[in-house]
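# Working through the structure, step by step
Each chain is listed here by its residues.
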Amino acid sequence: MTLRLYDTATRSVRDFVPREAGKVGVYLCGLTLQAPPHIGHLRSGVNYDVLRRWLLAAGFEVTFIRNVTDIDDKILIKAQEQERPFWSIAYANELKLAEAYRALNVLPPTYEPRATGHIPEMHQLIAQLIERGHAYPATDDSGDVYFDVRSWPAYGALSNQSPDEMQSAADAPERGKRDPRDFALWKGVKPGEPADAYWPSPWGLGRPGWHIECSAMCWRYLGAEFDIHGGGLDLIFPHHENELAQSQAADLPFARYWVHHGLLGIGGTKMGKSLGNALDLAYVAGLGVRPVELRYYYVAAHYRSRIDYSEEALREAAVAYRRIEGFVQRSVERVGVGHLGEMPAAFAAAMDDDLNTSAALAVLHDVLRDGNNALAGGDDVTVRTALASVRAMLDILGVDPLDPAWTGGARASDLRGVVDSLVALALEQRAQARVRKDWAAADALRDQLKRAGVVVEDTPQGPRWTIGEHD
C-alpha cells in the first residue's frame, strides 16, 4: 500500500509521491523562542518524528529541516521586560527545547536553522518579489517592505479563504500599506526597540518579518521545490498562506504536500504561557508520568485530531503503556532481547493510511494479547515472535522500552542485568524479613520498590517483579 497523507492544499488524502524517487525533503515550522516549550508545543515534534520514522522504515533518504525563530516581536517584548539581549532569551529557550525533544526521543533534525542565520537569503527573496511587482517598500520612511496581496490572485487558496473576507494583517501599522491585508517582509527599525535587533538591508536597518524567514530557509536547505511542509493547524493562516504566496510569487514551486497536525488544548482553549495554562515536562513528571508515557499519550491519537488535555487521560495512557512495557519485560526474561521483527501487514496499512497511529496501536494490542497468552501457556516460539513484532511497531512510534533513549543510553541487556541484581538484592532482604516474620520490614521493602516503579507479585514459584505504576 502506498503512503497516503492528508494534504491541506487540496483538502484531500493523496498518494504520497516524492519529487525525487527514494528521497524526501521535509520542512517543519519550529518554535518561536520567546518562552520555554510546553507539552502543546512538543506534540508537533513527536507527530513529525513518527512521520519521519515511517518514511525511513520505507527506505527513503529523509532530509528533515526544523527551524527555530530567534527574532520576533514577542521575543523583543520579552527582552525589554527582562532587560536582557533578545538573543540570550532565544538561545536559553532553544537549549530547553532541545532538551525536551531529547527527553521524548525525537530524532534530531538533519539541520535546525535559525532565522537570524539567513538574512542574506531573505534579502534576495524580497528583492525578487519587488522586481516582479509583488512587494513594495513603504512610502512612510518606516523602512518596512510589504507583500502586495492583491498582486497574487491565488492568495487565500491554502486556507480556503477569499481576501475580501480577511482581516487586516496585524504585523505592522497600516499607514505604510497599500492594502491593510498586505503583510511585512522586512520591518524597519523602530524607536524603543533593542539596539541590537536589526541588520542592514537595501531598504534600511531592520529585521525580517515572520513569514519570509521560512521561505528563505526552505529554499536554502531543500531547494525551490520540496515534498512536505508541516506545522500546526494554527499556522495555516496567516503563516503558511503567506509563505506559499511569497515563495510562488518569487518563482519557487515550494511544497508539494501541506501536512498539519491538531493542537493540544486544555479546558477547551489553547494552551499557552500568556493564558497561564501551559504545562511543561516538569509538571508531567510531578504526576509520576515518564516522558515515554507522554509520548505514548501523543501517538495514541491521530495526528490531525485535537487533544484536550486531562490528567485522567494522561494517566490512562501511562497505564496502557506500562502494560506493553510489562509484556516486553516478561518476554525478555523468558526468551532474551532478540531483534526487531516484522511488522504486521495491518499495522503497515494503518500507518500508510494517513499515519493512523490509533488504528496501528489496535493492531499492536492484538499481537500483545497473543503474546501474553503465549507467555501464560509457555509457548516460547510464539513469545519470541510476538516480542519481535511488538518491538518493531513500538520502534516506529518511538516508544520501544528497550530503545537506549529510554534506558539511559545503556544497552538493554546490560541495563537489565544491573536492575536484576539490584532488585534481587532487595527481594532477598524482603524474603529474609518474611522468614523471621518481620512483616513490617517486608512490607516496607515492597513499598520502597513500588515507589521506585517496581511492583512485586508473590507467586507459587516465588516473587516476581515488573515495572508498574508509581505512587
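An unreviewed UniProt entry lists the protein under the name Cysteine--tRNA ligase, with Micromonospora fiedleri given as the organism. According to the UniProt record, the Subcellular location (unreviewed entry) comment for the protein is "Cytoplasm".

### Things to note about the overall build of the protein
A tally of regular secondary structure across the protein gives 14 helices and 15 strands. Seen through its C-alpha atoms, the protein measures out along the principal axes to roughly 90 × 50 × 35 Å. The proportion of buried residues among the 471 residues of the protein is 51%. Excluding contacts between residues fewer than 6 apart, the proportion of contacts in the protein whose partners are at least 24 apart in sequence is 74%. In the protein, 50 side chains carry a positive charge and 63 a negative one; their mean positions are 4 Å apart.

### Points about the sheet that holds strand β8 (residues 206-208)
Reading across from one edge, β5-β6-β7-β8 is the order of the four strands in this open sheet, with antiparallel pairing throughout. Of all the strands in the sheet, the pair left with one neighbour each is β5 (135-137) and β8. The average angle at which neighbouring strand axes cross in this sheet is 20°, direction not considered.

### Observations concerning the UniProt feature "binding site: Zn(2+)" (unreviewed entry) in the protein
The sites that carry the UniProt feature "binding site: Zn(2+)" (unreviewed entry) are, in the present numbering, Cys 29, Cys 214, His 239 and Glu 243. The greatest C-alpha distance among the residues just named is 11.0 Å, despite their covering 215 residues of sequence, which places them together in space. Summarising the element assignment, Cys 214 is placed in helix α5 (residues 210-222). The class of Cys 214 is buried, set by a relative accessible area of 2%. When sequence neighbours within four positions are dropped, the list of residues in contact with Cys 214 reads Tyr 27, Cys 29, Asn 67, His 239 and Glu 243. In this structure, His 239 sits in helix α6 (residues 236-249).

### Notes on the nonpolar core
Of all hydrophobic cores here, the largest spans 77 residues; its most connected members are Ile 39, Ile 228, Tyr 297, Tyr 298 and Met 351. For this core, the element with the most residues is helix α9 (residues 311-335), which contributes 10 residues. In this structure, Ile 228 is in contact with Leu 5, Phe 16, Val 24, Gly 25, Val 26, Tyr 27, Leu 51, Tyr 257 and Val 259, ignoring residues within four places of it in sequence.

### Some points on helix α2 (residues 73-82)
Regarding α2, the residues found buried are Ile 75, Leu 76 and Ala 79. Down the axis of α2, the sector holding all buried residues measures 100°, keeping them to one side. In the core, the buried residues of α2 are packed alongside α3 (86-103) and β8. Just downstream of α2 lies Glu 83, where phi reads positive at about 55°.

### Topic: the environment of Leu 397
Here Leu 397 shows up in helix α12 (residues 380-397). On the accessibility criterion, Leu 397 (0% relative accessible area) is buried. When the C-alpha positions of Leu 397 and Ala 157 are compared, they lie 33 Å apart, and in sequence the two are 240 residues distant. When near neighbours in sequence (up to four residues on either side) are disregarded, Leu 397 contacts Val 50, Arg 295, Val 299, Met 351, Thr 357 and Leu 361.

### Considerations on unusual backbone geometry
Across the chain, the bulk of peptide bonds are trans and the bulk of non-glycine residues have phi less than zero. For the peptide bond that leads from Phe 237 to Pro 238, omega is 5°, which places it in the cis range. Mapped onto the elements, Pro 238 comes out in helix α6. Not every positive phi belongs to a glycine, and Asn 105 is a case in point at roughly 60°. Mapped onto the fold, Asn 105 is located in the loop between α3 and α4 (119-131). Even without glycine at this site, Leu 355 takes up a positive phi of about 50°. Along the chain, Leu 355 falls in the loop between α10 (345-352) and α11 (357-377).

### Quick word on the pairing of strand β9 (residues 225-232)
Most of β9 sits out of view: seven of its eight residues are buried. Pairing of strand β3 (residues 23-28) with β9 involves three bridges; the strand directions are parallel. Pairing of Tyr 27 across the sheet is with His 229, part of β9. The pairing of β9 with strand β10 (residues 254-261) spans seven bridges and is parallel. Across the sheet, Phe 226 pairs through a bridge with Ala 255, a residue of β10. Each parallel crossover has a hand, and the one from β9 via α6 to β10 is right-handed.

### Digging into the side chain of Asp 354
Counting through the fold element by element, Asp 354 comes out in the loop between α10 and α11. Polar contacts involving the side chain of Asp 354 include one to the main-chain amide nitrogen of Tyr 6, which spans 3.0 Å. Residues within four places of Asp 354 in sequence aside, it is in contact with Arg 4, Leu 5, Tyr 6, His 302, Tyr 303 and Arg 304.

### Comments concerning the packing of aromatic side chains
The tally for this structure, following the rule as stated, stands at 12 aromatic pairs. Between Phe 147 and Phe 183, the aromatic rings sit 5.0 Å apart at their centres with planes inclined by 15°, giving stacked as the arrangement. Taken together, the residues span a long stretch of sequence, with Phe 147 in strand β6 (residues 145-147) and Phe 183 in strand β7 (residues 183-188) at a distance of 36 residues. This pair shows no difference in class: Phe 147 is buried, exactly as Phe 183 is. Their ring planes at 50° and their centres at 5.8 Å tell us that Tyr 296 and Tyr 321 sit as a pair that is tilted. Of the two residues, Tyr 296 is situated in helix α8 (residues 291-299) and Tyr 321 in helix α9; the sequence distance between them amounts to 25 residues. Under the relative-accessibility criterion, Tyr 296 is labelled buried at 4%. These aromatic residues form a ring-pair network of at least three members: Phe 16, Phe 60 and Tyr 257.

Conventions we followed
Residues numbered from 1 in each chain as written. Predicted model: local features only at pLDDT ≥ 70, side-chain atom pairs only at ≥ 80, totals over all residues. Heavy atoms only, no water. UniProt positions renumbered as here; feature names shortened; annotations may be inferred. Helix = DSSP H or I, 4+ residues; strand = E, 2+ residues; numbered from the N terminus. Buried < 20%, exposed > 50% of the residue type's maximum accessible area, 1.4 Å probe, protein only. Contact = heavy atoms within 4.5 Å. Lys, Arg positive; Asp, Glu negative; His and termini not counted. Charge placed at Lys NZ, Arg CZ, Asp CG, Glu CD. Pairing = 2+ DSSP bridges. Axes fitted to C-alpha atoms, helices over the stretch in contact; angles between N-to-C directions. Core = buried A, V, L, I, M, F, W, Y, C linked by side-chain atoms within 4.5 Å. Arc of directions from axis to C-beta. Right-handed = clockwise from strand over helix to strand, strands pointing away. Polar contact = N/O pair within 3.5 Å; in protein donor to acceptor, adjacent residues only side chain to side chain. Phe/Tyr/Trp six-rings, centres within 6.5 Å; stacked < 30°, edge-to-face > 60°.

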